[in-house]
Amino acid sequence: MHKPMPEQGAASKDILKQLEAFKERDPRYKEGKVWSLVYYLNEEHSGFLKDAYHLFASENGLNPGAFKSLKKIESEVISATADILHGTEEVCGVVTSGGTESCLMAVKTYRDMARDQRRVKKPEMVIPETAHVAWFKASEYFGVKIRLVPLKADFTPDLDKLRKLINRNTVMILGSAPEYPHGTIDPIEAMGEIAQSRGIPLHVDACVGGFILPFMEMNGENLPLWDYRVPGVTSISADIHKYGYAAKGASTITYRNLDYLRYQMFVYQNWPGGVFASSALLGTRPGGGYAAAWGALQYFGKAGYRKLAEDTLAAVSQLKAGIEGIPELEIMGNPQGPLFSFRSRDANLNIYAVGDQMDARGWQVNRNQYPPGLHAMVTAQHLAVVDAYLADLRDAVAAVKADPELAKKGGAATYGMLAHVPLRGMVKKKVLEMYSEQYRAGGAELDIAGGADEGIGGGAPGLLDRIVHWYVQRRSRQ
Ligand SMILES: *Cc1c(COP(=O)(O)O)cnc(C)c1O
């Protein structure tokens, strides 16, 4: 249904009421029911972030010479980030709008550096299967071919295979701290040695880990090295809008020194609008996000973040122990950070059906695939709901065991169908088609009844269900 712009304006207080009302059917993250997407602590902290954001909601970070306030904010955010990542004085970087922008920038930087310094014309990057989707996006956007490193049984990249995938077109290697699907910290020290010996940059994607692993280590956790202390690491992405508990729209990309960062810059000197220089993807840069990020860093300081890391890890430990205590389930690999996945070790227990049962009990849990599992991105807020979550998980497992038919219904059925090879081949095309449909002007209402596809769709509930429905109908017509 096409909805035209209102002819007349309305009162701001009525509009704000409407906006509040829009939230009604959104995920209930304030109750700790959501295990991805939102990093929420409490109303007081959210209020503070909003105030900080509002102070700079109109200010524009496009031109660092104009709003000196924002350049100062950015410089201080980058130096605080370099500090916790054990960078030297040489470390430099840019505040971006989010993890994806940070990852995209690293790929552009290393592609252009290899082109300039080594005349590489067909750029490639070597990345593990567990690399975040942002890297696959960067590959498409910037024409850098992916060489995919397979995983070992413990979900770490197979380094022998990694070595063999490097060639003269390789512009960068990627490791994650941790990777998103299972929370495993890649073997960055070993990867750094390989990268250095071949003279290739190594980026560490710490988008999710960058603002919690350092504080876990300060608390005495025994973690492998993954930051600038590893000599081969040339750049790191770290999101403040995840475990930095900032407002949405704040991440960082830092480099070991300016010799790398300068390839991220864009300059066009012949534009009729003037000489133009830009440090990252965006033109206009939202001051609010940067101000709220700076505010969060000042608000918590190292002591505050250490306490958050402690609470988070307490929740993670209790959850892992509770899950390992359910004989039919096991944690996947060796996750050491704030997130993990678990799967079924019982051939008669369909893990997606367990996920459906958790949904039915009001939790919002993401699905993994290859291999199947359920995902948990844990925040300090979840410490309060650990017992309730585990009780429901035990009930969910019991319910699926008592009724194996549940594996043929709901989201479990959808994922089951998606494993069909002929359908698999059509998924990309079909997702493109249906996903695009949602972006018509006036936008079709999303199918809220879905919910099994956050693991893929990320914000398109019901999309996979619709694709499976289409496929089943198509088959029955043949
Ligand atoms: C979240 C995440 C990203 C992407 O960040 P966005 O802020 O969602 O764009 C990239 N890499 C990893 C490992 C992540 O967890």
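The residue numbering used here restarts from 1 in each chain and proceeds along that chain's sequence as written. For this predicted model, a pLDDT threshold of at least 70 governs which residues receive local features, and a threshold of 80 or more governs which side-chain atom pairs are given and counted, while totals over whole chains, interfaces and linings are taken from all residues. Here the side-chain values reflect all heavy atoms present in the structure, with hydrogen atoms and water set aside.

A. Summary view of empty space enclosed by the protein. Using a grid of 1 Å spacing that covers the protein atoms alone, one calls a set of points a cavity when a 1.4 Å probe fits there but cannot get out, and a pocket when the set is open and has protein on both sides within 12 Å along at least five of seven lines; lining residues are those with an atom within 4 Å of a point. Grid points are joined across faces, edges and corners, and a volume is the space filled by probe spheres set on the points. Under the definition given, this model contains two cavities of 30 Å³ or more. Computed from the structure, the largest cavity encloses a volume of approximately 40 Å³. Lining of the largest cavity is provided by Leu-62, Phe-276, Ala-277, Ser-278, Ser-279, Ala-280, Leu-282, Gly-283 and Arg-285. The class makeup of the residues in the lining of the largest cavity is five nonpolar, three polar and one charged. Computed from the structure, the second largest cavity encloses a volume of approximately 30 Å³. Taken together, Tyr-29, Val-34, Val-38, Tyr-40, Thr-379, Gln-381 and His-382 make up the full set of residues lining the second largest cavity. Three classes are used, and their members are as follows: Ala, Val, Leu, Ile, Met, Phe, Trp, Tyr, Cys and Pro are nonpolar, Asp, Glu, Lys and Arg are charged, and the others, Gly among them, are polar. In terms of residue class, the lining of the second largest cavity is built from four nonpolar, three polar and no charged.

B. Seen up close, helix H12 (residues 386–402). A run of H or I in DSSP becomes a helix once it reaches four residues, and a run of E becomes a strand once it reaches two; helices and strands are each numbered from the N terminus. One fewer than the residue count of a helix, multiplied by 1.5 Å, yields its expected span. Its 17 residues place the ends of H12 24 Å apart at the C-alpha level, agreeing with the 24 Å of an ideal helix rising 1.5 Å per residue. Classification of residues uses two cut-offs on accessible area relative to the type maximum, computed with a 1.4 Å probe and protein chains only: under 20% is buried, over 50% is exposed, and between them is partly exposed. Looking only at H12, the buried set comprises Val-386, Tyr-389, Leu-390, Asp-392, Leu-393, Ala-396, Val-397 and Val-400. Mapping the buried residues of H12 onto a view down its axis gives an arc of 165 degrees, with all of them on the same face. Exposed and oriented more than 90 degrees from the buried face of H12 are Asp-387 and Ala-402. Tucked into the core, H12 has its buried residues touching helix H10 (287–324), strand S10 (329–331), strand S11 (339–344) and helix H11 (351–360). Arc, as used here, means the arc of the directions from the helix axis to the C-beta atoms. We call two residues contacting when some pair of their heavy atoms lies within 4.5 Å.

C. Region of interest: the pairing of strand S1 (residues 92–96). Buried residues dominate S1, accounting for five of its five residues. The side-chain alternation of S1 yields two buried faces, one formed by Cys-92, Val-94 and Thr-96 and the other by Gly-93 and Val-95. Across five bridges, S1 lies against strand S7 (residues 251–255) in antiparallel orientation. When the bridges of S7 are listed, Thr-96 appears paired with Ser-251. Strands pair, by our definition, only if DSSP identifies at least two bridges between them.

In short, shape yes, function no, at least from these values alone.
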